[in-house]
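Listed below, chain by chain, are the residues.
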Amino acid sequence: MTTTAIANHPSIFSHRSPLPSQSSSSSSPSFLFLNRTNFIPYFSTSKRNSVNCNGWRTRCSVAKDYTVPPSEVDGNQFPELDCVVIGAGISGLCIAKVISANYPNLMVTEARDRAGGNITTVERDGYLWEEGPNSFQPSDPMLTMAVDCGLKDDLVLGDPDAPRFVLWKDKLRPVPGKLTDLPFFDLMSIPGKLRAGFGAIGLRPSPPGYEESVEQFVRRNLGAEVFERLIEPFCSGVYAGDPSKLSMKAAFGKVWKLEQTGGSIIGGTFKAIKERSSNPKPPRDPRLPTPKGQTVGSFRKGLRMLPDAICERLGSKVKLSWKLSSITKSGKGGYLLTYETPEGVVSLRSRSIVMTVPSYVASNILRPLSVAAADALSSFYYPPVAAVTISYPQEAIRDERLVDGELKGFGQLHPRSQGVETLGTIYSSSLFPNRAPNGRVLLLNYIGGATNTEIVSKTESQLVEAVDRDLRKMLIKHKAQDPFVTGVRVWPQAIPQFLVGHLDTLGTAKAALSDHGLDGLFLGGNYVSGVALGRCVEGAYEIASEVTGFLSQYAYK
C-alpha cells in the first residue's frame with residue numbers, strides 16, 4: 001500500500017499543484033511527469049526549419065498581436081496604475097486576470113512580441129504538438145481559470161485508466177495506479193515492496209537534523225527500489241533534475257510535510273484525512289467539470305488556447321514588445337518603470353509590481369534596487385532541455401506494446417541507470433484527440449536536464465538520432481522506417497531546479513526586497529510557485545491574493 005501512497009501522492013506525481021504549485025486537495029492517484037506540466041522554460045532556440053516568432057528563429061505558432069495602437073502609447077496619458085505585471089507568460093497573465101477583477105487599472109508588459117511565455121503549441125501537416133509544457137493536472141484552480149476564460153467546452157482530458165510505464169531492465173513496466181495493483185506489478189521486488197511498506201508506517205531511520213535531498217528522504221523512508229525505479233525517473237521527468245541535489249522540502253513539500261506532521265508518511269496521511277473531514281471545504285463551484293479519476297488535461301487546439309483567451313479578455317492591458325529598462329522608487333510612493341517600446345520610450349507609475357520573469361532576468365532588473373535580492377535570484381539553476389516530437393506509422397510500434405491494435409497509455413519514464421539518454425516519452429496521439437493523422441503515432445520526447453547538459457552542443461539530427469535509438473530499445477521495432485520529425489525545440493535554460501536551500505534562498509530574496517523598503521514589489525513565476533503549468537496557475541491565485549491585500553491597504557495610506 002505504501003508504494004502507491006508515495007508514488008501516487010498528488011503533491012509528487014500530480015501535475016497538479018505542482019505541478020508545484022498546484023495546491024490541489026485531491027488525493028486520488030496521479031502519475032509522474034505526465035501529471036505535471038513538465039517543462040516551463042524561458043528562452044529557446046530551434047534547430048530546424050523555422051519562422052521568425054517572438055524575436056527567435058523558432059518553430060512555433062504566431063500569436064495574435066494584442067499591442068495597443070500607437071496613439072494610446074504615451075507616458076503622459078497613463079494614469080497611475082494599481083499594478084504592473086512584468087512578463088506575459090502563463091503566471092503573469094493569470095495573476096493579471098485575477099487581480100483585474102478588483103483592480104482593473106493594471107498592465108501586463110512583455111519584452112517579446114507574443115504572450116504565453118513557454119507555452120508553444122504548433123499545428124502543421126495534420127499534427128498538433130507542444131514544445132513547452134505538454135499538459136496540466138485538472139485541479140479546481142486550473143479548471144476555474146479555463147472556465148472563466150470561456151474554454152470549458154474546449155477542455156480535453158486524458159483517459160484516467162491509461163497505463164503509465166517505467167523502463168526497467170529492458171522492459172516497459174506499468175506503474176501501479178491503485179491499491180489493487182500492488183500485489184501484481186513487477187516494477188519492484190517483494191522485498192522492495194515490504195521495505196517501502198515498513199518505512200511508510202514509520203519503521204525507518206529518524207529524520208536527520210538538516211534539509212534532505214529527494215534521494216536522501218526517499219531512500220530513508222521507502223528504500224532503494226522506490227527511489228531507483230519510481231522517484232529517480234520521476235524527478236528526471238518533472239524537473240529534468242538530479243534527485244541527489246533537489247530539495248525534498250522545496251520540490252515535494254506535501255509529502256515532506258506528511259512525515260513532519262504525522263511522524264511517518266502514513267501517519268501524516270491519516271492525520272491530513274482527519275483534518276479534512278473535520279474542516280470541510282466550501283461547496284465546489286458548480287460551473288466546473290468533474291474529471292473522472294486521476295488524469296491530465298489540455299485544450300482542443302492545445303495549451304496555447306489558454307494564454308490567447310486570457311489576452312482577449314485583458315485586451316489593451318497587455319503590451320507586447322515592451323522591454324523594461326529600469327525600475328525606480330517613486331518619491332510619491334510606488335514605482336516608476338521605464339520601457340523601450342516600438343513607439344518610443346514610455347514611463348509608467350504603479351502602486352505595485354509583480355515580476356514573473358525567470359529569476360536570472362529578475363536579478364538583472366532588481367540589482368540597482370537591491371544587490372542582496374539580485375544575488376539570491378541569480379543563484380537559481382536552469383538546466384537545458386530539448387523537446388523532440390517525432391511520428392511513426394502505427395505498424396512501427398512493437399506488437400507487445402499494442403492494445404487492441406493501438407498504442408495506449410500516458411507515456412513512459414526512463415531511469416538514468418537504464419542506459420538510455422531520453423528522459424521520458426509522452427504518447428501525444430494516445431493522450432488527446434486529433435494530435436496526428438490516422439495511422440500515425442505522435443511521440444513527444446524530452447532529453448537533457450541537469451545530468452545531461454551536453455545537449456546544447458548537439459545538432460537537431462543528433463538529438464533525433466538519440467531519441468530514435470532509445471525508442472527502438474523498448475517501443476519501436478528495430479527495422480521500422482525512420483521517424484517523421486515534426487519539431488525539435490531546445491530550451492537552453494529550461495526548468496528552475498528546487499535544490500537544497502531553495503526556499504531559504506527565495507526567502508533571502510524576498511527579505512532583501514522588504515529590507516530595502518520595496519513594499520509592493522512581488523516575485524512570481526515557476527521558480528516561486530513550482531515548475532508545473534497547473535502549479536503556476538494555482539500560484540497565480542495565491543500571488544494575486546497577496547497583491548490585492550497590499551492594494552487594499554495602500555488605499556488607506
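Calculation criteria
- Residues numbered from 1 in each chain as written.
- Predicted model: local features only at pLDDT ≥ 70, side-chain atom pairs only at ≥ 80, totals over all residues.
- Heavy atoms only, no water.
- Phe/Tyr/Trp six-rings, centres within 6.5 Å; stacked < 30°, edge-to-face > 60°.
- Helix = DSSP H or I, 4+ residues; strand = E, 2+ residues; numbered from the N terminus.
- Buried < 20%, exposed > 50% of the residue type's maximum accessible area, 1.4 Å probe, protein only.
- Lys NZ or Arg CZ within 6 Å of the ring centre and 35° of its normal.
- Pairing = 2+ DSSP bridges.
- Axes fitted to C-alpha atoms, helices over the stretch in contact; angles between N-to-C directions.
- Core = buried A, V, L, I, M, F, W, Y, C linked by side-chain atoms within 4.5 Å.
- Contact = heavy atoms within 4.5 Å.
- Salt bridge = Lys/Arg side-chain N within 4 Å of Asp/Glu carboxyl O.
- Polar contact = N/O pair within 3.5 Å; in protein donor to acceptor, adjacent residues only side chain to side chain.
- Parallel < 35°, antiparallel > 145°, perpendicular 65-115°, else oblique.
- Left-handed = near helix turned anticlockwise from the far one by under 90°.
- Nonpolar A, V, L, I, M, F, W, Y, C, P; charged D, E, K, R; others polar.
- 1 Å grid on protein atoms, 1.4 Å probe; cavity = no way out; pocket = protein on both sides within 12 Å on 5 of 7 lines; lining within 4 Å.
- Points joined across faces, edges and corners; volume = space filled by probe spheres on them.
- Patch = residues over 30% accessible without salt bridge, like charges linked within 9 Å, V, L, I, M, F, W, Y side chains within 5 Å.
- Areas by Shrake-Rupley, 256 points an atom, 1.4 Å probe, with all protein chains shown as cover.
- pLDDT = per-residue confidence, 0-100.

Enumeration according to the criterion identifies nine aromatic pairs in this entry. Ring geometry for tryptophan 322 and tyrosine 339: centres 5.3 Å apart, planes at 55°, overall tilted. One end of the pair, tryptophan 322, is in the loop between strand S12 (318-320) and strand S13 (323-329); the other, tyrosine 339, is in strand S14 (residues 335-341), and 17 residues separate them in sequence. Judged by its relative accessible area of 0%, tyrosine 339 falls in the buried class. The rings of Phe234, Tyr239, Phe252 and Phe498 are connected pair by pair, giving a single aromatic cluster. One cation-aromatic arrangement involves lysine 329 over tyrosine 335; the distance from NZ or CZ to the ring centre is 4.8 Å.

The next point concerns the sheet that holds strand S4 (residues 83-86). Ordered by their spatial adjacency, five strands build an open sheet running S12-S5-S4-S16-S24, and the pairing between neighbours is parallel. Here the strands that pair on one side only, and so sit at the sheet edges, are S12 and strand S24 (521-523). Going across the sheet, the axis of each strand differs from the next one's by a mean of 20°, ignoring polarity. Direction of pairing for S4 relative to strand S16 (residues 353-355): parallel, over a ladder of three bridges. What sits directly across from isoleucine 86, in S16, is methionine 355.

Our focus in this paragraph is the pairing of strand S15 (residues 344-350). As paired strands, S14 and S15 are joined by seven bridges and run antiparallel to one another. Its bridge partner being in S15, tyrosine 339 is matched across the sheet by valine 346.

The subject of this paragraph is the nonpolar core. In summary, soluble globular proteins display a tendency toward joint burial of nonpolar side chains. Counting residues in hydrophobic clusters, the biggest one holds 49 residues, and the most contacted among them are Val214, Val218, Val226, Ile231, Tyr239 and Phe252. Among the elements that make up this core, the one with the highest residue count is helix H7 (residues 224-238) (seven residues). In contact with valine 214, other than residues within four places in its own chain, are Ile231, Cys235, Pro243, Leu246, Ser247, Met248 and Phe252. Judged by nonpolar contacts, the second largest core, of 45 residues, contains Ala96, Phe299, Ala309 and Val537.

Turning our attention to the pattern of salt bridges. Taken as a whole, this structure holds 28 salt bridges when the rule is applied. The residue aspartate 82 makes a salt bridge to arginine 351 at a minimum N-O spacing of 2.8 Å. Within this pair, whereas aspartate 82 is found in the loop between strand S3 (56-58) and S4, its partner arginine 351 is found in the loop between S15 and S16, the two being separated by 269 residues in sequence. By relative accessible area, aspartate 82 is classed as buried at 12%. The shortest N-O distance in the salt bridge between arginine 535 and glutamate 538 comes to 3.6 Å. With arginine 535 and glutamate 538 both in helix H18 (residues 533-554), this residue pair falls three residues apart, about one helical turn. Under the relative-accessibility criterion, arginine 535 is labelled buried at 12%.

This brings us to the side chain of threonine 120. Topologically, threonine 120 is positioned in the loop between strand S5 (106-110) and strand S6 (121-124). From its side chain, threonine 120 meets the backbone oxygen of asparagine 118 in a polar contact 3.1 Å long.

It is worth spelling out the sheet that holds S15 at this point. Overall, antiparallel pairing links the three strands, which are arranged S13-S14-S15 in an open sheet. Unpaired on one side and paired on the other, S13 and S15 mark the two borders of the sheet. Averaged over all pairs of adjacent strands, the angle between their axes in this sheet comes to 20°, without regard to strand direction. Where S13 and S14 come together, six bridges link them in antiparallel fashion. Across the sheet, residue lysine 323 finds its bridge partner in S14, namely glutamate 340.

How two helices sit against one another is set out by the angle between their axes and by the gap between those axes. For the pair helix H13 (residues 371-378) and helix H16 (residues 502-515), the least separation of the axes is 8 Å and the interaxial angle reads 160°. In terms of orientation, H13 and H16 fall into the roughly antiparallel class. Handedness of the crossing formed by H13 with H16: left-handed. Contact with H13, carried on its side by Ala372, Ala373, Ala376 and Leu377, involves Thr505, Thr508, Ala509, Ala512 and Leu513 of H16 and no other residues of that element. Along the lines of polarity and charge, the residues of the contact of H13 with H16 split into seven nonpolar, two polar and no charged.

What follows deals with empty space enclosed by the protein. Throughout the structure, instances matching the rule amount to two cavities of 30 Å³ or more. In this structure, the second largest cavity encloses a volume near 100 Å³. Considering every element that reaches the lining of the second largest cavity, the biggest residue donor is strand S7 (residues 127-130), with three residues. Taken together, the residues of the lining of the second largest cavity sort by class into six nonpolar, two polar and two charged.

A separate point is a nonpolar patch on the surface. On the surface, a nonpolar cluster with roughly 540 Å² of combined accessible area is contributed by Ile190, Leu194, Phe198, Ile201 and Leu203. Topologically, leucine 194 is positioned in helix H5 (residues 190-200).

Before going further, it helps to examine the side chain of histidine 502. Of note, histidine 502 is situated in helix H16. In this structure the side chain of histidine 502 is engaged in a polar contact, spanning 2.9 Å, whose partner is the backbone oxygen of tyrosine 527.

Here the chain averages 87 in pLDDT, while 85% of its residues score no lower than 70. Counting interchain partners and residues more than four positions distant, the pLDDT-below-50 stretch residues 1-76 has 329 contacts.

The next subject is the pairing of S6. As defined by bridge partners, S6 adjoins S7 across four bridges and the pair is classed as antiparallel. Within the sheet, the bridge partner assigned to glutamate 123 lies in S7 and is leucine 128. Counting the residues between successive antiparallel strands, the hairpin from S6 to S7 contains two residues, one of them, aspartate 125, with a positive phi of roughly 55°.

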